[in-house]
Amino acid sequence: MSKLIATAAIRGANKLVAQAETMLEKAINEKGKDYVFEFPDTAFHLPMIYAMTAFPVKTLGDMKVGLGFAKELLHDEPEEHIWKPYLGEALDSGMATLFAEEIILALRYISGLEPCKDPETGYVYNGFISDTIQRNLGIQLVDGTMPGFAAIIGAAPSDDIAVTIVRELQEKNILTFLSGQYKGDSVTKQLLRKGVQLGWDTRIVPLGPDTEHTLYALDWAIRASLIFGGKKPGDFKEHLKYQKDRVFAFAIVLGELDDIKWTTGAGAINMGFPAIGDTDIPVIHPTGVCTYEEVDKEFDHSKIAQKAIEMRGLKITVEKPPIPVAYGPAFEGERIRKEDTFIEFGGQRTAAFEWVRMRELDEIEDNKIIVIGENWQQRYEAGGQMPLGILIEVAGRKMQKDFESVIERKIHSNINEAQGIWHMGQRDINWVRISNAAKKEGFTLEHLGILNATMTHHRFRSIVDKVQVTLYVDEKDVKGRLDEARIAYRERDLRLGSLTDEAVDTFYSCLLCQSFAPSHVCVITPERLGLCGAYNWLDGKAAFEIDPTGGNQPITKGECLDPKFGRYTGADEYLKKATGGAVETLNLYTIMENPMTSCGCFECIIAIIPEANGVMIVNRGFTGMTPIGMKFSTLAGTVGGGAQTPGFMGVGVNFISSKKFLYGDGGLKRIVWMPKGLKERIAEDFRKTEEAAGVPGLLDKIADETICEDSEKLLEFLTQVGHPALSMDPMI
Ligand code: SF4
Ligand code: ZN
């Protein structure tokens with residue numbers, strides 16, 4: 001039986017390589033071998049070929065070289081013999097297939113055929129996955145909110161079954177890619193027919209209608225070892241090991257398999273990703289270092305997702321509050337349009353706020369939900385708009401006043417993760433919508449309280465012993481409480497402003513990204529948040545209280561060896577240990593000498609521009625050119641992987657407005673270029689810091705892409721506006 005698979009895989013690979021060759025010849029005839037191609041927004045060329053062989057495919061001529069590698073891996077179809085000798089040949093063929101598919105898809109991009117559009121529905125598939133998306137999601141991969149990826153290939157026996165399988169994966173927070181078809185139908189089409197929201201926001205990403213499009217998912221996987229793992233291109237053994245050990249992907253194949261599915265599957269198995277089918281396929285048992293079945297079957301569609309998850313060895317615990325709708329991070333990005341809204345609160349339409357307040361243990365009753373307002377049931381039932389004040393009171397032996405804001409910031413996820421409920425904003429500018437669909441499922445006002453109580457307990461277990469939620473729905477109550485809340489917000493902001501690196505004796509580490517970038521540690525101080533932007537010093541402090549053996553550990557500051565550069569004995573000692581000696585010493589406030597390492601999920605990159613005697617900052621998501629002649633994606637490729645790279649550094653957006661921003665290099669005054677969007681995003685905070693630094697109006701002297709994209713024009717502009725960097729000490 002297994003020989004059949006090997007034969008199919010080998011046959012499929014031969015077919016695809018031949019197809020790629022024909023297409024390539026045609027393209028070279030039409031456009032010439034020097035025709036340049038790159039997938040949208042990536043620094044890794046054709047990522048699979050690049051990771052495996054170190055060869056950067058940049059032109060059609062280069063594709064010929066790439067295809068040559070594939071050809072070397074091809075084998076003749078076996079005639080008889082026993083199975084074993086063919087295992088290696090099938091795996092070789094799998095890799096040849098991935099190379100050929102990558103070239104085929106690149107050529108389709110050149111012809112304008114990618115990303116694919118479904119002729120019947122007009123739906124546009126995702127196509128190639130950009131580096132930006134990969135980095136955006138990096139943090140969810142490491143902190144466990146996204147425990148793995150599934151690739152579903154083919155079509156389910158019915159639309160309802162397709163929905164059931166995908167919903168189960170969503171509830172388990174698995175990112176799901178869809179590709180391929182079976183008998184003219186596909187899971188993408190099935191979900192579209194059922195009105196399921198597709199896309200990155202809901203974690204269901206249709207890549208394309210053919211089996212070959214699965215390669216986009218594998219191209220995304222392989223970039224994890226390049227971006228986060230710091231694995232060198234060409235070090236294929238290391239890449240494959242990284243994939244097997246750290247990238248938790250698996251495939252679910254619905255419907256019969258043809259040669260192309262088998263050979264693509266062989267490619268995926270090569271990367272350590274098992275597959276499960278719903279037809280009578282041969283089971284392939286573990287080989288070599290693999291500890292799980294590589295191919296298995298499950299005819300019961302209600303069990304297939306769970307079985308796949310177990311095959312890949314994923315342990316997933318999901319906390320679901322007792323509410324009548326589905327719940328999980330996969331629903332967080334769901335949008336609720338006006339016409340789908342049953343009732344809404346806040347959003348400048350009605351008075352509203354949300355506020356977390358610390359109480360004594362005997363002052364509140366655990367899990368009690370109180371709704372205060374006249375006829376509130378009837379008013380809720382009528383829909384429309386309503387005032388809403390959400391007061392969450394928490395008490396606990398390890399609770400601290402400082403954690404109020406940390407807990408409050410989670411209200412956004414608490415509410416948004418419920419299917420059909422939507423939340424935006426915070427404090428007194430919040431906005432909540434409940435959809436018609438959720439209302440139909442029986443979602444009540446009290447459920448808003450229940451989910452906040454359950455999730456606050458869950459997320460802050462061991463800090464929070466009791467949670468009580470009060471919902472105010474009368475305008476006078478909301479306004480009255482809001483006055484109190486505003487005083488609390490102000491106190492909190494003052495406290496935050498007084499938290500400086502000098503004022504504390506403990507920093508916190510964040511080790512979450514070590515699962516992907518083993519030598520990376522974020523050192524989080526009151527004035528410098530983690531480079532992904534998701535964790536600040538208070539988060540680190542709270543996380544350590546919650547889980548003393550978790551990913552955030554206290555770092556005793558120790559002696560300050562250099563206040564200007566921010567060097568502390570405690571941080572150095574800690575880093576030496578936590579990076580296994582890879583990082584010996586760290587300067588917190590400079591990029592020039594022993595700067596912080598970068599994993600890959602940085603929100604921004606700072607890079608030196610020597611001729612301007614300053615630095616530029618470019619944010620993830622900005623796809624244009626920068627004055628140093630590199631786009632974000634290219635630059636990011638040189639910064640990540642857990643290494644210290646003087647002159648370059650990844651940082652979180654909020655660090656830019658910190659008083660400690662490049663303090664040792666001269667601070668804010670060094671910034672000479674930033675994308676316009678980033679300038680606008682940080683303007684409010686930046687204005688305060690520039691004022692305090694004695695350079696009011698600095699932001700207006702910083703160039704952006706509308707002013708220049710090269711260093712010559714940049715210098716002209718800086719001279720014209722009299723930018724302070726030009727008269728500062730030389731950076732180098
Ligand atoms: Fe990764 Fe640093 Fe963010 Fe932690 S704070 S998740 S280590 S980038
Ligand atoms: Zn990271």
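Let us look at the structure shown here.

Reading the values: rules and limits
- Residues numbered from 1 in each chain as written.
- Chains lettered and ligands numbered in written order.
- Predicted model: local features only at pLDDT ≥ 70, side-chain atom pairs only at ≥ 80, totals over all residues.
- Heavy atoms only, no water.
- Buried < 20%, exposed > 50% of the residue type's maximum accessible area, 1.4 Å probe, protein only.
- Helix = DSSP H or I, 4+ residues; strand = E, 2+ residues; numbered from the N terminus.
- Pairing = 2+ DSSP bridges.
- Axes fitted to C-alpha atoms, helices over the stretch in contact; angles between N-to-C directions.
- Core = buried A, V, L, I, M, F, W, Y, C linked by side-chain atoms within 4.5 Å.
- Contact = heavy atoms within 4.5 Å.
- Phe/Tyr/Trp six-rings, centres within 6.5 Å; stacked < 30°, edge-to-face > 60°.
- Lys NZ or Arg CZ within 6 Å of the ring centre and 35° of its normal.
- Near = heavy atom within 4 Å.
- Nonpolar A, V, L, I, M, F, W, Y, C, P; charged D, E, K, R; others polar.
- Parallel < 35°, antiparallel > 145°, perpendicular 65-115°, else oblique.

1. As for the pairing of strand 9 (residues 368–372)
Point 1. On strand 9, burial follows the alternation: Ile-369 and Val-371 on one face are buried, whereas Lys-368, Ile-370 and Ile-372 on the facing-out side are not.
Point 2. Bridge analysis of strand 9 against strand 14 (residues 466–472) gives five bridges, and the strand direction is parallel. Bridge assignment links Lys-368 to a residue of strand 14, and that residue is Gln-468.

2. A closer look at the sheet that holds strand 20 (residues 604–609)
Point 1. The mixed open sheet is built from four strands, whose spatial order is 22-20-21-23. If you trace the sheet from one side to the other, it starts and ends with strand 22 (648–651) and strand 23 (671–673), each paired once. Going from strand to strand, the sheet's axes swing by 35° on average, the running direction of each strand aside.

3. A short note on unusual backbone geometry
Point 1. In this chain, Glu-114 is followed by Pro-115 through a cis amide linkage whose omega measures -15°.
Point 2. Tracing the backbone shows Pro-115 in the loop between helix 4 (85–110) and helix 5 (131–142).
Point 3. At Arg-203, a residue that is not glycine, the phi angle is positive and equals roughly 65°.
Point 4. Of note, Arg-203 is situated in the loop between helix 7 (187–193) and strand 3 (204–208).
Point 5. By relative accessible area, which is 4% here, Arg-203 ends up buried.
Point 6. Phi at Gln-348 is positive, roughly 65°, even though this residue is not glycine.
Point 7. By secondary structure assignment, the location of Gln-348 is in the loop between strand 7 (341–346) and strand 8 (352–358).

4. Considering the nonpolar core
Point 1. By size, the foremost hydrophobic cluster in this structure holds 183 residues, and its most contacted members are Met-48, Met-63, Phe-443, Leu-445, Ile-671 and Phe-686.
Point 2. Considering every element that reaches this core, the biggest residue donor is helix 4, with 12 residues.
Point 3. Not counting the four nearest positions on each side in its chain, Met-63 is found in contact with Leu-24, Phe-37, Val-57, Ile-103, Ala-106, Leu-107 and Ile-110.

5. Quick notes on the packing of aromatic side chains
Point 1. Inspection of the entire model under this criterion finds 22 aromatic pairs.
Point 2. Judged by centre distance (5.3 Å) and plane angle (90°), the rings of Phe-507 and Tyr-568 are edge-to-face. Taken together, the positions of Phe-507 in strand 15 (residues 506–510) and Tyr-568 in strand 19 (residues 567–568) put the pair 61 residues apart, joining distant regions of the chain.
Point 3. A connected cluster of aromatic rings, assembled from ring pairs, spans Phe-37, Phe-39, Tyr-109, Phe-128 and Tyr-216.
Point 4. A cation sits over an aromatic face here: Lys-31 above Tyr-35, 5.3 Å from the ring centre.
Point 5. The ring of Phe-655 has Arg-528 lying over it, and the distance from NZ or CZ to the ring centre is 4.5 Å.

6. What to know about the site of ligand 1
Point 1. Ile-139, Cys-510, Leu-512, Cys-513, His-520, Cys-522, Gly-530, Leu-531, Cys-532, Tyr-535, Cys-599 and Cys-601 make up every residue found near ligand 1.
Point 2. When the residues that make up the shell around ligand 1 are grouped by side-chain class, the tally is 10 nonpolar, two polar and no charged.

7. Describing the side chain of Arg-459
Point 1. Position of Arg-459 relative to the elements: it lies in helix 16 (residues 445–459).
Point 2. The residues contacting Arg-459, other than those within four sequence positions of it, are Tyr-327, Lys-410, Ser-413, Asn-414, Glu-417 and Ile-546.

8. With respect to the packing of helix 8 (residues 214–227) against helix 9 (residues 236–246)
Point 1. Two elements in contact, helix 8 and helix 9, have axes separated by 9 Å at closest approach and are oriented at 110°. What the angle tells us is that helix 8 and helix 9 run roughly perpendicular. Residues Ala-221, Ile-222, Ala-224, Ser-225 and Leu-226 of helix 8 touch helix 9, and the partners they reach there are His-239, Tyr-242 and Gln-243.

9. Section: the packing of helix 6 (residues 159–171) against helix 11 (residues 304–311)
Point 1. At a closest axis distance of 9 Å, the pairing of helix 6 and helix 11 adopts a crossing angle of 45°. Taken together, the axes of helix 6 and helix 11 lie oblique to each other. The residues of helix 11 that touch helix 6, namely those facing Ile-165, Glu-168 and Leu-169, are Ile-304, Ala-305, Gln-306 and Ile-309.
Point 2. Here the contact of helix 6 with helix 11 is composed, by residue class, of five nonpolar, one polar and one charged.

10. Things to note about the sheet that holds strand 9
Point 1. Here four strands make up an open sheet; going across it, the order is 8-11-14-9 and the pairing mixed. A strand with exactly one partner marks an edge of an open sheet, and here the two such strands are strand 8 and strand 9. The average angle at which neighbouring strand axes cross in this sheet is 15°, direction not considered.
Point 2. Helix 16 contacts strand 9, strand 11 (388–395) and strand 14 of the sheet and is inclined by roughly 155° relative to strand 14.
Point 3. Each of strand 8, strand 9, strand 11 and strand 14 touches helix 17 (residues 475–498); the most contacted strand, strand 8, lies at about 55° to it.

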